[in-house]
Amino acid sequence: MKLAYLLFLHFVATSYPQYSAPFKLMDLGVSLFSSDVNKKCVLDFSLFLSDLSKMKLWASRMVDASGKINAGILNGNVHIFGDYDQCLSIKEHVRGRTIEGKYCSALITISDEILSDELLYLKSKYQTKNFQRIRLEGVLQYLANTTGLLGLCVPKSCSPEDLEIIADQIISKLKLPARLSFRNDLCSHKNQPVTITNLDLYIYSFFVVVAVILCGSTVYDFYLQKTGIVTIFSVYTNIKKLLNQHEGKRLTCVSGIRVIACLWVILAHVTFSNTLLSKNPIYVVTEWKMNPSSAFIWTGHYALDTFFTLSGLLSSYTYLKFSDKNKISLFSFYFNRYIRLTPLLVATVLIHTSLIKLFTDGPYGQIVIDHYTDQCAENWWTSIFYIFKLMKFRRCANHTWYLSVDTQLYLCAPIFLFFIKKHPKKTMTTMGLTFLAAVTYSSTVTVIKQIGFTIFEWSDNHTNYLFHSSYYHMPSWLVGLFFGYLLQLQSVKIPKNLNTFLLFVSLLSLVKLIVNQLEFFEGEYDVYRAALWNGLARPAWSLAICYIIFSCATGNGGYINSFLSHYVFRVLGELTYSLYMVHGGIQMILFSSTKQTLIFSNRQIFNTFTELCVVSLPFAVLMYLAFEAPIFAFKDYMQKRQKLDTTKSE
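Quick notes on the rules
- Residues numbered from 1 in each chain as written.
- Predicted model: local features only at pLDDT ≥ 70, side-chain atom pairs only at ≥ 80, totals over all residues.
- Heavy atoms only, no water.
- Salt bridge = Lys/Arg side-chain N within 4 Å of Asp/Glu carboxyl O.
- Helix = DSSP H or I, 4+ residues; strand = E, 2+ residues; numbered from the N terminus.
- Buried < 20%, exposed > 50% of the residue type's maximum accessible area, 1.4 Å probe, protein only.
- Arc of directions from axis to C-beta.
- Disulfide = S-S within 2.5 Å.
- pLDDT = per-residue confidence, 0-100.
- Contact = heavy atoms within 4.5 Å.
- 1 Å grid on protein atoms, 1.4 Å probe; cavity = no way out; pocket = protein on both sides within 12 Å on 5 of 7 lines; lining within 4 Å.
- Points joined across faces, edges and corners; volume = space filled by probe spheres on them.
- Nonpolar A, V, L, I, M, F, W, Y, C, P; charged D, E, K, R; others polar.
- Phe/Tyr/Trp six-rings, centres within 6.5 Å; stacked < 30°, edge-to-face > 60°.
- Axes fitted to C-alpha atoms, helices over the stretch in contact; angles between N-to-C directions.
- Left-handed = near helix turned anticlockwise from the far one by under 90°.
- Pairing = 2+ DSSP bridges.

Thoughts on the pattern of salt bridges
- The tally for this structure, following the rule as stated, stands at 11 salt bridges.
- With a closest N to O distance of 2.9 Å, D85 and K595 form a salt bridge. One end of the pair, D85, is in helix α6 (residues 84-89); the other, K595, is in the loop between α26 (576-592) and α27 (602-649), and 510 residues separate them in sequence.
- Residue classification places K595 among the partly exposed positions, given a relative accessible area of 22%.
- One salt-bridge network, held together by shared partners, links D85, D361 and K595.

Here it is, written out as structure tokens:
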């Protein structure tokens, strides 16, 4: 084998000069060739070595485009990018052959010796009278399970298998403290073809048809000024409805809560992706998380329980409100829910299947295609039928797991709602017992599986047994369901002074539930404390949220209600579902296009968050007009038609 020195020339020369002195470039290259490397790769590499020894520009640019060992490796800076664009721009005709650059990200696994040294360093840094063992465990776990990346520019003819052989040879020869491996999905070259299947063509045709329908309906509505079922897709009319949000609705404060929760979820997702791309991830798990202001960022999991709470509250409130005038069948109860959510969900799955791969351009582009879009082509049905949890690994549109859990909870709603009017005491007793059973489940699983509470303690067990489980979120949903029932009771009145006190307690509780999580970083891991928080923290959060809504809905919210019911929130509140569904795909595109690491900080999080929101919002509006607003318009049309038929029959 003789390819190794090309791949690691700069790596060795800059980081281990003691190794580079005994070797001459050409001598090392010739001695390292092997019959296991394909002939085209051998030939192209030989030409490269020859021109590099002559200091030809194209060969020097190929070496220059490879990643360089950075400072801060012991602080987690193990994502070493090369110059992606420079590498892919290399195309040289050499002695009858055309050599092109291919950018490959080699996977780096740091040796145990490096981990031990880092562990000792962190122990000396954080060894105080309040030394937190959990901090040290978090760092050790992070380094032990982190795989870094080294960007290398190689001839296009060299396959990952060739590079794998070379990497093993050079590491063995030079005794480097790392292990390198290569994968097809981490290699890219210029004009790399995107595979377009028949399924993709059908999906593109579907979106073209939707666009034609939108345009046709809008033209018909705008120029002919006629109403009817044809105009339910009219962009003109649906935008007017979107912007015409009345203040008279009773639960307008829900719009503000929904918007804040949606933005908080997006912020949490941005924080996670920025950690993956950061130069200083050890700072995140040791210092950043200890800052009280940072707690308001990484506790975004509360935002999801806010959505579950709102789901229960609105399900209960809406059903009880309309069931007074109309008989709602079980089929109608479920069908309205399915037809409300599914069109946009289907569109999101189709976008993840066929459209996202057209816009990925960067070192992570192939990963997005191979591990996200291909999963949707195989497992789309788990999303649109809301059985996301059946697939433990190759899941489509990961952020749609929320809809699966929420739908499973919604399936339970008739057990309570269909009997709450006739048998309120028995129904409330059933709800209470279900609440206790769900809390007991969360606490028991925490103790048995030794699960933590904060995101820095999360593991596969936490995700599989708790976070993606409907049992875990059921208490929050039941709290919402209960308050939805209370809002329909006209007899519930709270004195002004008591209401002011309860509002203050609710707001204080929200802050305390966020800030008090810092206690988990002090002292030894306490499984019973984690069990208590996993069982009761989210229901307590939901209780505080629900009382704020109750106070606002009963006219006692004051400035809080004015803020949450602001016109901007009322408009954006209609877009939160679309924004949530759209932002996942946009984030993957932005993530795949990242070509350099970044310094993790609150300012960087804010910049990335702002970019994601600004890019996602126009697409959210478009998705709303195409897949949400027509459903609302169709329901309005059918209700008017039904009323008209009833009037005629009378």
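Text resumes after the structure shown.
Remarks on helix α5 (residues 57-64)
- Those residues of α5 that sit buried are W58, A59, M62 and V63. Projected down its long axis, α5 shows its buried positions confined to an angular sector of 140 degrees, all on one face.

Focus on the state of the cysteines
- Within the structure shown, the criterion is met by four disulfides.
- Across the disulfide, C87 is cross-linked to C153 (sulfur-sulfur distance 2.2 Å). Across the disulfide from C87 to C153, rotation about the S-S bond amounts to roughly 90 degrees, and the bridge is consequently right-handed. With C87 in helix α6 and C153 in strand β4 (residues 148-155), the pair connects residues that are 66 residues apart, well separated along the chain.
- Given a relative accessible area of 2%, C153 falls into the buried group.
- Paired through a disulfide, C104 and C187 show a sulfur-sulfur distance of 2.1 Å. Its torsion about the S-S bond being 120 degrees, the disulfide of C104 and C187 is classed as right-handed. Remark: C187 occurs in strand β6 (residues 187-189) and C104 occurs in strand β3 (residues 97-110); sequence separation between them is 83 residues. One exposure class covers both C104 and C187, and it is buried.
- If you count the bonded cysteines of the protein from the N-terminus, they pair up as 1-5, 2-4, 3-6, 7-8.
- Cysteine C262 shares no disulfide, and the gap to the nearest cysteine sulfur, in C613, comes to 7.9 Å.

Some points on the confidence of the model for the protein
- Here the protein averages 84 in pLDDT, and 86% of its residues register 70 or above.
- Across residues 1-28 the pLDDT falls below 50, and counting only partners more than four positions away or on other chains, this stretch makes 76 contacts in the model.
- Here residues 126-138 scores under 50 on pLDDT; set against residues more than four positions off or in separate chains, the count is 21 contacts.

Observations concerning empty space enclosed by the protein
- On inspection of all chains with the given rule, the structure shows two cavities of 30 Å³ or more.
- Here the second largest cavity defines a volume of roughly 40 Å³.
- In terms of lining, the second largest cavity is formed by A438, V439, S442, Y472, P475, N534, G535, R538 and P539.
- Breaking the lining of the second largest cavity down by element, the ones donating at least two residues are α19 (424-449), α21 (470-487) and α23 (527-553).
- Among the residues forming the lining of the second largest cavity, the class breakdown is five nonpolar, three polar and one charged.

What about the packing of aromatic side chains?
- Evaluation of the coordinates by the stated rule reveals 35 aromatic pairs.
- Aromatic pair F45 and F48: ring centres 5.5 Å apart, planes at 45 degrees, arrangement tilted. Placement of the pair is F45 and F48 together in helix α4 (residues 39-53), with a separation of three residues, close to one helical turn.
- Ring centres of F206 and F207 lie 5.2 Å apart, and the angle between their planes is 70 degrees; this geometry places the pair in the edge-to-face category.

Thoughts on the packing of helix α22 (residues 496-515) against α23
- The contact between α22 and α23 brings their axes to 9 Å, and the two run at 145 degrees. Considering how the two elements wind past one another, α22 and α23 form a crossing that is left-handed. Listed contacts from α23 to N499, L502, L503, S506, L507, S509, L510, L513 and I514 of α22 are W533, A537, A540, W541, A544, I545, Y547, I548 and S551.
- Split into classes, the residues belonging to the contact of α22 with α23 amount to 14 nonpolar, four polar and no charged.

Examining the packing of helix α15 (residues 301-323) against α21
- Direction vectors running N to C along α15 and α21 enclose 35 degrees, while the axes themselves pass 7 Å from each other. Handedness of the α15/α21 crossing: right-handed. Seen from α15, the contacting residues are D305, F308, T309, S311, G312, L313, S316, Y317 and L320; seen from α21, they are H473, S476, W477, G480, L481, F483, G484, Y485 and L487.
- Along the lines of polarity and charge, the residues of the contact of α15 with α21 split into nine nonpolar, eight polar and one charged.

Quick look at the pairing of β4
- Counted residue by residue, β4 has eight buried out of eight residues, so it is predominantly covered.
- Across two bridges, strand β1 (residues 79-80) lies against β4 in parallel orientation. If you follow H79 over to β4, its bridge partner there is L149.

Regarding unusual backbone geometry
- With a phi angle near 50 degrees, A397 is a residue other than glycine that sits in the positive phi range.
- Examined against the element boundaries, A397 turns out to sit in the loop between α17 (365-384) and α18 (401-417).
- With relative accessibility at 3%, the residue A397 sits in the buried group.
- Even without glycine at this site, Q450 takes up a positive phi of about 55 degrees.

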